[in-house]
Amino acid sequence: MSVGRAAVVALALLAPVVGAGAEGNFSQHPGFAAYFRAHPPTGQAASPAERRLLAQHRPRFYLAEGEAGPIDFYRDYVGSADLVDGAGRPVEPVDREALVRLGRDPGAVLTHRPRPPRHPPVAYASIEHATVPMPYPDGTVTESLRFLTYHLAFAHSGLPAGLGGVAEALISLVGDPGDWHQLDHYTAATVVIDADARPIALVLQQHNYQRTYLVGETVAMPDDGRLRVDVARRSNELYPHRSTPTRRRAVRFTDPAGWRYLLGGGSAPLASADDLTHGQREVGYGLEFLADTDPFYLFHGYLGGRRALPGRDGPPGAAYNTWPAHKPWAVALFLGYWRDDHAGDLERLERTVGAGGDYLGFARAQAPVLAANLRCLRNAGEGCRLR
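All residue numbers refer to position in the chain's written sequence, counted from 1. In view of the model being predicted, local features appear only for residues whose pLDDT reaches at least 70, and side-chain atom pairs are presented and counted only at 80 or more, with totals across whole chains, interfaces and linings using the full set of residues. Only heavy atoms go into the side-chain values, all of them from the structure, while hydrogens and water stay out.

Enquirer: Which residues make up the overall build of the protein chain, and what values go with them?
Expert: Segments assigned H or I by DSSP are reported as helices when at least four residues long, segments assigned E as strands when at least two residues long, and all are numbered from the N terminus. In terms of regular secondary structure, the protein chain is built from 11 helices and 14 strands. With the radius of gyration taken over C-alpha atoms, the globule rule is written as 2.2 Å times the number of residues to the power 0.38. The C-alpha radius of gyration of the protein chain comes to 20 Å, within 12% of the 21 Å expected for a compact globule of 387 residues. With the C-alpha coordinates aligned to their principal axes, the bounding extent of the protein chain is approximately 65 × 55 × 40 Å. Only protein chains enter the area calculation, which uses a 1.4 Å probe; residues under 20% of their type maximum are buried, those over 50% are exposed, and those in between are partly exposed. Buried residues in the protein chain amount to 52% of all 387 residues.

This is the structure:
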């Protein structure tokens, strides 16, 4: 990469992130109020039966050697933090109850004081039930699906490790690329199971978008029944497991140019850097089950310190992970479904997103493709082939 282009990449990566500004972080996007009216939280954690399912289907996560692993959010992160409300007044003690009290204060800031973790890592596990219309070739069938989501929490997040030497050196003059912002809890893996409790898909959060992988097509089902997921170096983004070093296309946001690059139909946007994974070391972790109204999910303020440069503030709750219109599972499952270098997926992308930013149109275009492929996989390829 030339010095000139590296400088442009560095400046682009320093540009403000969507949803951030003087009025607050992404939790204040007006679409979330409508989304949560239509999909109100239950206020409940997973039931005993749901906890058994979550334990049965919990993924296996892998890190590259030398990478910092996930932590216990409440014991090791909140347990070593300072908290102020929107008026800048300190709040003590700093614990879950304090976060509950300030949960709807968009100016509240929790600033972590780094220290070595003292407790085993935790994944925060939850289940959502959704009916999803599947447009099969012979007619639409509404399926009752369960979405088993596992959030890891990392004390900090860095920029993608594939950034490149010159751009990284330029960015290092103003901030640490390995510790770009405090707290990363958008690292979510969702195992989708059907009415027979069979895993049919894996949905992974990657930067500010989600991606869907069908079991048997782009992710394999291991003998132990636990899907395997790699954590990217530095950025903590999630990808299907590979035991060898792998470069993964990545962008900050799926605008038309970025999405075209992800599918293999264009060059990398300036504001992008690829993720690098190497699934060398499995992470042992426990499960915890929080109510869906817990501050971990719904905190309006900043769950990490505020830093001077754009894009370096800590995030709000984990529920504010993508655009509100993209959050319903009946949308997200299809919107995130694409294959690397797949001509049909790229054609449908150009016809919708590329032709005018019609993201929901892309979801509608991908829905019959996913449904047909799902049925083919359920039939073990008998009398059909993947589209």
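Enquirer: Got a sec to walk through the sheet that holds strand β1 (residues 60–63)? Specific residues and values, please.
Expert: Strand order in the open sheet formed by four strands is β10-β9-β1-β13, with mixed pairing between adjacent strands. Two strands in the sheet have a free side with no partner beyond their single neighbour: β10 (238–240) and β13 (281–283). Taking each pair of neighbouring strands and ignoring which way they run, the sheet shows an average axis angle of 40°. A pair of strands counts as paired when DSSP detects no fewer than two bridges linking them. Across three bridges, β1 lies against β13 in antiparallel orientation. Pairing of leucine 63 across the sheet is with arginine 281, part of β13. Think of each axis as a best-fit line through the C-alpha atoms, taken over the contacting stretch in the case of a helix, with angles from 0 to 180 degrees between the N-to-C directions.

Enquirer: Which residues make up the sheet that holds strand β5 (residues 139–157), and what are the values?
Expert: Pairing in this open sheet of six strands is mixed, and the strands run β8-β7-β6-β5-β4-β14 from one edge to the other. Looking at the sheet topology across the chains shown, the edges are occupied by β8 (209–214) and β14 (286–288). When the angles between neighbouring strand axes are averaged without regard to direction, this sheet yields 35°. The sheet contact formed by β5 and strand β6 (residues 181–193) spans 10 bridges and is antiparallel. Opposite histidine 151, over in β6, you have alanine 188 as the bridge partner.

Enquirer: With reference to specific residues and values, describe the packing of helix α7 (residues 256–263) against helix α10 (residues 343–352).
Expert: Each pair of packed helices can be summarised by the angle the axes make with each other and by the distance between the axes. Running from amino to carboxyl end, α7 crosses α10 at an angle of 175°, the nearest separation of the two axes being 10 Å. Overall, the two elements α7 and α10 adopt an arrangement that is roughly antiparallel. For the pair formed by α7 and α10, the contact residues are Trp259, Arg260 and Leu263 on the first element and Asp345, Leu346, Leu349 and Glu350 on the second. Looking at the contact of α7 with α10, its residues break down into four nonpolar, no polar and three charged. Convention used here: angles under 35 degrees read as roughly parallel, angles over 145 as roughly antiparallel, angles from 65 to 115 as roughly perpendicular, and any remaining angle as oblique. Contacts: residue pairs with any heavy atoms within 4.5 Å of one another. Lys, Arg, Asp and Glu make up the charged group, whereas Ala, Val, Leu, Ile, Met, Phe, Trp, Tyr, Cys and Pro make up the nonpolar group; the residues left over, Gly among them, are polar.

Enquirer: I'd like a rundown of the packing of aromatic side chains, residues and numbers included.
Expert: Aromatic pairing here means that ring centres of Phe, Tyr or Trp (its six-membered ring) are within 6.5 Å. Orientation follows from the plane angle: under 30 degrees is stacked, over 60 is edge-to-face, and everything else is tilted. Under the definition given, this model contains 16 aromatic pairs. Where phenylalanine 32 meets tyrosine 320, the ring centres are 4.8 Å apart and the plane angle is 90°; that geometry is what we call edge-to-face. You can see phenylalanine 32 sitting in helix α2 (residues 31–38) and its partner tyrosine 320 sitting in the loop between α8 (295–298) and α9 (329–335), a full 288 residues away along the chain. Here phenylalanine 32 matches tyrosine 320 in class, with each residue buried. Pairwise contacts between aromatic rings join Phe26, Phe32, Tyr35, Phe36, Tyr320 and Trp323 into one cluster. Between the NZ or CZ atom of arginine 96 and the centre of the ring of tyrosine 74, over which it lies, the distance is 3.9 Å. A ring has a charge above it when a Lys NZ or an Arg CZ is no more than 6 Å from the ring centre and no more than 35 degrees off the ring normal. The aromatic ring of tryptophan 180 is capped on one face by arginine 312, whose charged end is 4.5 Å from the ring centroid.

Enquirer: Talk me through the pattern of salt bridges; I want residue IDs and the actual numbers.
Expert: The rule for a salt bridge is simple: a side-chain nitrogen of Lys or Arg has to be within 4 Å of a carboxyl oxygen of Asp or Glu. If you walk through the whole model with that rule in mind, you get 25 salt bridges. With its nearest N and O atoms 2.7 Å apart, the salt bridge here joins arginine 75 to glutamate 288. Placement of arginine 75 in helix α4 (residues 73–77) and of glutamate 288 in strand β14 is noted, with a sequence separation of 213 residues between them. Taking the relative accessible area as the measure of exposure, arginine 75 reaches 41% and is therefore partly exposed. A salt bridge links aspartate 196 to arginine 198, with the shortest nitrogen-to-oxygen separation between them at 3.8 Å. Here the salt bridges do not stand alone but share partners, grouping Glu143, Asp194, Asp196, Arg198 and Arg378 into one network.

Enquirer: How would you summarise the pairing of β1 if you had to cite specific residues and measurements?
Expert: By the alternation rule, side chains of β1 split into Arg60 and Tyr62 and Phe61 and Leu63, which are all buried. When β1 meets strand β9 (residues 228–231), the two strands line up parallel, connected through three bridges. When the bridges of β9 are listed, tyrosine 62 appears paired with aspartate 230.

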